[in-house]
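Remarks on the overall topology
Listed below are the residues making up each chain.
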Amino acid sequence: MRKLLPVILMPLFLSGCVGMSTTDGDSTKQWISIVSSKTDLDGSHADVCYKLDLRFDPPSAEDRINTDRACITRCCWYSEHKNIQLNFNDTFVEELLEYGVARKYMPDQVNINVNYSSFLNTIHAKAEQKGILSSDGTLTLDFNEVSAPEEYLDLDFGTAVPKVYEDDQNIYQGKYLFSKEEREQQELKRQIAAQQAENQAQAADMLYEKANAEEVKAAKTTVADYRDMDAQERQALLEKKLSYERKQAIILLKRFYAKDIDAYIMAIDKAKRAKGQVLMSNDRDWTTVKTGTPIYKVSCKVNGKLGTSASNMKSFPISCGTYEVNLDEKTVIPVDTAAISIVNGEYMD
């Protein structure tokens, strides 16, 4: 009788086609891992999909990057993503314009190079910048908290003295008595003068818009418009926008309180003349500091000179106050003692 030999069933291996997913593969770094792979017809690994397990110090830096594109929240195929660029300041200008404060990270960009060995089926990655990425996957960045655009741009805007057309002097100045007919003529002249002043102001606005066309255009730019610009274009546009805002802040301040400031300076001049001194007060500086969007603190200073004659004039600076100007609300508020006194007319003349 024949003896039956045991039959051993051998597993049947099929050659995989491209597109089969596996979780095979290893990593030389704990912060990069292979999620899946594609095999070719011979069963060899043709491509792998990997993810980066990165942490950020400070954590807010992660908000500046697209984590899908950075292969953090989704896996990336090695054949398509052999180099990962993390750009931390792409939205810096937009945040600065919108909120008046933003963080500028250093370095501006971190490059991570990825290498995969199909023979060993292992993946390796490292940052180009040395010492920035720790072995546990913590990426450490320095940053500056920028609370005023001039700190970022490093520009000296100095002072701006835009031309402002003042109203004509009151035609009723002086102690004169007029008949009814004369009063009517004077009223007609006053109305004509008022209309001329209005036309002159409109003409001044038109001239300003024309002379500062690029700044005016920049001022109307929205945050969305910045997204299609490179860093150099954004910076140039921001400079023009800030220059326009500063000039507008000074113009608005003058429209509110130019006459009060003039009256204050005239009162000082009168007091000095009573003592036999001469005050020269034509030179004024208007200094602006951005404190919000779009809010400015505007300080007025008279570079005065005082003496008994032209030969012995000495520097005599006069503060004419600091004011908060809100360009959106069209408001001007005195914020220091000098400004409050000037606006209320509460000073010694």
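These notes cover the structure that comes with them.

Conventions used here
Residues numbered from 1 in each chain as written. Predicted model: local features only at pLDDT ≥ 70, side-chain atom pairs only at ≥ 80, totals over all residues. Heavy atoms only, no water. Helix = DSSP H or I, 4+ residues; strand = E, 2+ residues; numbered from the N terminus. Buried < 20%, exposed > 50% of the residue type's maximum accessible area, 1.4 Å probe, protein only. Contact = heavy atoms within 4.5 Å. Salt bridge = Lys/Arg side-chain N within 4 Å of Asp/Glu carboxyl O. Bend = angle between axes of the 7 residues up to and from the residue. Phe/Tyr/Trp six-rings, centres within 6.5 Å; stacked < 30°, edge-to-face > 60°. Core = buried A, V, L, I, M, F, W, Y, C linked by side-chain atoms within 4.5 Å. Disulfide = S-S within 2.5 Å.

**Quick notes on the overall build of the protein chain**
Across its full length, the protein chain holds six helices and 16 strands. Per-residue burial over the protein chain gives 36% buried out of 349 residues. Put simply, of all contacts in the protein chain between residues at least 6 apart along the chain, 57% involve residues at least 24 apart.

**Re the pattern of salt bridges**
Counted under the stated rule, the structure contains four salt bridges. Here Lys290 makes a salt bridge to Glu245, at a shortest N to O gap of 3.2 Å. Note that Lys290 is positioned in strand β13 (residues 284-292) and Glu245 in helix α5 (residues 231-274), a separation of 45 residues in sequence. On the basis of relative accessible area, Lys290 is assigned to the buried category, the value being 4%. Of the residues examined, Glu245 reaches a relative accessible area of 7% and is grouped as buried.

**Details of α5**
Of all the bends found along α5, the most pronounced is centred on Tyr257 and spans about 65°. Positive backbone phi, approximately 80°, marks Gly276, located one or two places after α5.

**A short note on the packing of aromatic side chains**
Between two aromatic rings, the relevant description is the distance of the centres plus the angle of the planes. The final tally for this structure, using the stated rule, is six aromatic pairs. Look at Phe56 and Phe88: their rings are 6.2 Å apart centre to centre, the planes differ by 70°, and that puts the pair in the edge-to-face class. Here Phe88 lies in the loop between β6 (83-87) and α1 (92-99) and Phe56 lies in strand β4 (residues 55-57), a separation of 32 residues in the sequence. Residue Phe88 is classed as buried on the basis of its relative accessible area of 0%. An aromatic cluster is present here, built from Phe56, Phe88, Tyr105 and Phe143 joined pairwise through their rings.

**Section: the nonpolar core**
Among soluble globular proteins, nonpolar side chains are generally buried collectively. In terms of nonpolar packing, the biggest core is built from 31 residues, with Leu253, Ile261, Val298, Tyr323 and Val325 touching the most fellow members. Elements with a minimum of two residues in this core: α1, α5, β14 (295-307), β15 (314-326) and α6 (337-344). Setting aside residues no more than four positions away along its own chain, Val325 makes contact with Ala249, Leu252, Leu253, Pro294, Ile295, Tyr296, Val298, Thr331 and Val332. Among the nonpolar cores identified, the runner-up in size contains 30 residues, and Cys71, Ile84, Leu133 and Leu139 belong to it.

**Let's talk about the state of the cysteines**
Scanning all chains against the criterion turns up three disulfides. Each sulfur in the disulfide pair Cys49 and Cys75 lies 2.1 Å from the other. Sign of the S-S torsion, about 95° for the bond between Cys49 and Cys75, identifies this disulfide as right-handed. Placement of Cys49 in strand β3 (residues 45-52) and of Cys75 in the loop between β4 and β5 (76-77) is noted, with a sequence separation of 26 residues between them. Looking at Cys49, the relative accessible area reads 2%, which means it is buried. Here Cys300 engages in a disulfide with Cys320; their sulfurs sit 1.9 Å apart. Negative torsions about the S-S bond denote left-handed disulfides, and the value of about -70° found for Cys300 with Cys320 makes this one left-handed. Of this pair, Cys300 sits in strand β14 while Cys320 sits in strand β15; the two residues are 20 residues apart in sequence, bridging distant segments of the chain. Just as Cys300 is buried, Cys320 falls in that class too.

**A word on the side chain of Ser281**
Here Ser281 lies in the loop between β12 (278-280) and β13. On the basis of relative accessible area, Ser281 is assigned to the buried category, the value being 16%. Filtering out sequence-adjacent residues up to four positions away, Ser281 remains in contact with Ile265 and Val302.

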